Amino acid sequence: MSRLKWIVITIIMVGLGVLLVPVNAILVSQGTTITYAFLQTDDVFSLQWIHSVEKEAWVENFIVDDQIISLDSTKFKTFGAGVPTWSEHSTEVQDGWVYMQIDRVIGAELVLRSSLMNDYQLIYQKKRYPLEASNMAYIIEAKQAPLFFILRTTVKEMVG
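Residues numbered from 1 in each chain as written. Predicted model: local features only at pLDDT ≥ 70, side-chain atom pairs only at ≥ 80, totals over all residues. Heavy atoms only, no water.

A. Looking closely at the sheet that holds strand E3 (residues 44–50). Pairing in this open sheet of seven strands is antiparallel, and the strands run E6-E7-E5-E4-E3-E9-E10 from one edge to the other. Bordering the open sheet on either side are strand E6 (91–94) and strand E10 (127–130), each of which pairs with just one other strand. The average undirected angle you get between the axes of adjacent strands in this sheet is 25°. Summarising the sheet, strand E5 (residues 68–76) and strand E7 (residues 97–107) pair through seven bridges and their orientation is antiparallel. (Pairing = 2+ DSSP bridges. Helix = DSSP H or I, 4+ residues; strand = E, 2+ residues; numbered from the N terminus. Axes fitted to C-alpha atoms, helices over the stretch in contact; angles between N-to-C directions.)

Given below as structure tokens:
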């Protein structure tokens, strides 16, 4: 085999190897399908949706620490169905939003279902990613994943 062929094969093999390198990631999946994968450069993400009864926006902020997800805080517009009436942590009203500190450990994964009326969105690094309505639950977790998954999400985002 010629030297050029060996160089090309080596470059391809190294490239494929790099794509399989595990990196710290935040993964959003449904069953065995990875919906989004983000290189974990931030230890925070948020979920925003429309409350099914109050019809107002709701935002929950999460922290990832050593692959464990915790609910850090929440903000919402009105008190009503399912809304805590008090917290042992600070609560304040600012710009029409009620801000409530929570500090609750969720665990290794956060499971949620998205419906048409809720318009769920994951917010990571100031970008919004829709979580389309589905009968299948979304699972959000922080763990090691091949770099390929992150590149796939990046390309999907660029293409639109």
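Having seen the model, we can carry on.
B. How the structure looks around the layout of surface pockets. A volume near 210 Å³ is recorded for the largest pocket. As for the largest pocket, its lining consists of Ala37, Phe38, Leu39, Thr41, Tyr124, Gln125, Lys127, Tyr129, Ile150, Thr153, Thr154 and Glu157. Where the lining of the largest pocket is concerned, the elements lending two or more residues are strand E2 (33–39), E10 and helix H2 (147–159). In terms of residue count, H2 provides more of the lining of the largest pocket than any other element does, four residues in total. Considering only residue class, the lining of the largest pocket consists of six nonpolar, four polar and two charged. (1 Å grid on protein atoms, 1.4 Å probe; cavity = no way out; pocket = protein on both sides within 12 Å on 5 of 7 lines; lining within 4 Å. Points joined across faces, edges and corners; volume = space filled by probe spheres on them. Nonpolar A, V, L, I, M, F, W, Y, C, P; charged D, E, K, R; others polar.)

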